[in-house]
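Chain by chain, the residues run as shown.
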Amino acid sequence: MTTTFPVSVLVRPIRPEDNAAIANVIRHVSAEFGLTADKGYTVADPNLDHLYESYSQPRCAYWVVELDGVVAGGGGVAPLSGAEHDLCELQKMYFMPSLRGQGLAKRLALQAIEHARSQGFARCYLETTASLTQAIALYERLGFQHIDGAMGNTGHVDCEVTMLKHL
């Protein structure tokens, strides 16, 4: 016998008490895809355990995705470090396997892009790695174009896929 239970998904702004949970999601998903700290991926960011504080800065936003009350994903947007005032970066889009394939990454990316527009950004940049083919396909569908070379100072030296979208 198969029984179906309703699933509750909530997308909301990050809170201070989410820091450990979203850091664990990022570490888990990074390990799943072989994105190790020694290669300069997000998992090596010094602010990984303090995302609430990082995204509480002006023009920044980060949302977590809860699945049945447990943080299982997230993503955000912030000014691109070392870049022009009109350029932001789509950042730290990570989802546990239980959230994938439901359109949540698209929903969150669109929400981040709308926030960026409301904050006066004219362009949105992102970096990722070639092994994240589903993410790249999503970004392409959202209008991000591949560009040659990195922008700003992200510190993610092994992210070989760089993309830009005009807002």
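Residues numbered from 1 in each chain as written. Predicted model: local features only at pLDDT ≥ 70, side-chain atom pairs only at ≥ 80, totals over all residues. Heavy atoms only, no water.

### Notes on the state of the cysteines
As used in these notes, a disulfide is a covalent bond between sulfur atoms, one from each of two cysteines.
Reasoning step 1: The final tally for this structure, using the stated rule, is zero disulfides.
Reasoning step 2: Of the cysteine sulfurs around cysteine 60, a residue in no disulfide, the closest is that of cysteine 88, at 9.8 Å.
Reasoning step 3: You can see cysteine 124 has no disulfide; the closest cysteine sulfur is in cysteine 88, sitting 3.7 Å from it.
Reasoning step 4: Judged by relative accessible area, which is 1%, cysteine 124 ranks as buried. (Disulfide = S-S within 2.5 Å. Buried < 20%, exposed > 50% of the residue type's maximum accessible area, 1.4 Å probe, protein only.)

### Quick look at the nonpolar core
Reasoning step 1: Ranked by internal contacts, the top residues of the largest apolar core, which has 44 residues, are Ile22, Tyr62, Leu90 and Phe144.
Reasoning step 2: Leaving out residues up to four positions away in the same chain, tyrosine 62 has contacts with Arg12, Pro13, Ile14, Ile22, Ile26, Leu51, Tyr55, Gly74, Gly75, Gly76, Gln91 and Lys92.
Reasoning step 3: One finds Leu80, Leu87, Met151 and Leu164 within the second-largest nonpolar core, a separate group that totals five residues. (Core = buried A, V, L, I, M, F, W, Y, C linked by side-chain atoms within 4.5 Å. Contact = heavy atoms within 4.5 Å.)

### Focus: helix α4 (residues 133–141)
Reasoning step 1: Within α4, burial applies to Ile136, Leu138 and Tyr139. For α4, the angular spread of the buried residues around the axis is 160°, confining them to a single face. For α4, exposure combined with an orientation more than 90 degrees from the buried face picks out Thr133, Gln134 and Arg141.
Reasoning step 2: Contacts from the buried residues of α4 go to β4 (87–95), α3 (104–118), β5 (123–128), β6 (145–146) and β7 (161–166).
Reasoning step 3: Phi turns positive, to about 100°, at glycine 143, one or two residues after α4. (Helix = DSSP H or I, 4+ residues; strand = E, 2+ residues; numbered from the N terminus. Arc of directions from axis to C-beta.)

### Examining the side chain of glutamine 91
Reasoning step 1: Tracing the sequence through the fold places glutamine 91 in strand β4.
Reasoning step 2: Within the structure, the side chain of glutamine 91 is placed 2.5 Å from the side chain of tyrosine 55, a separation counted as a polar contact.
Reasoning step 3: Polar contacts involving the side chain of glutamine 91 include one to the side chain of glutamate 89, which spans 2.8 Å.
Reasoning step 4: Apart from residues lying up to four places away in sequence, glutamine 91 is in contact with Tyr55, Tyr62, Gly75, Gly76, Ala78 and Pro79. (Polar contact = N/O pair within 3.5 Å; in protein donor to acceptor, adjacent residues only side chain to side chain.)

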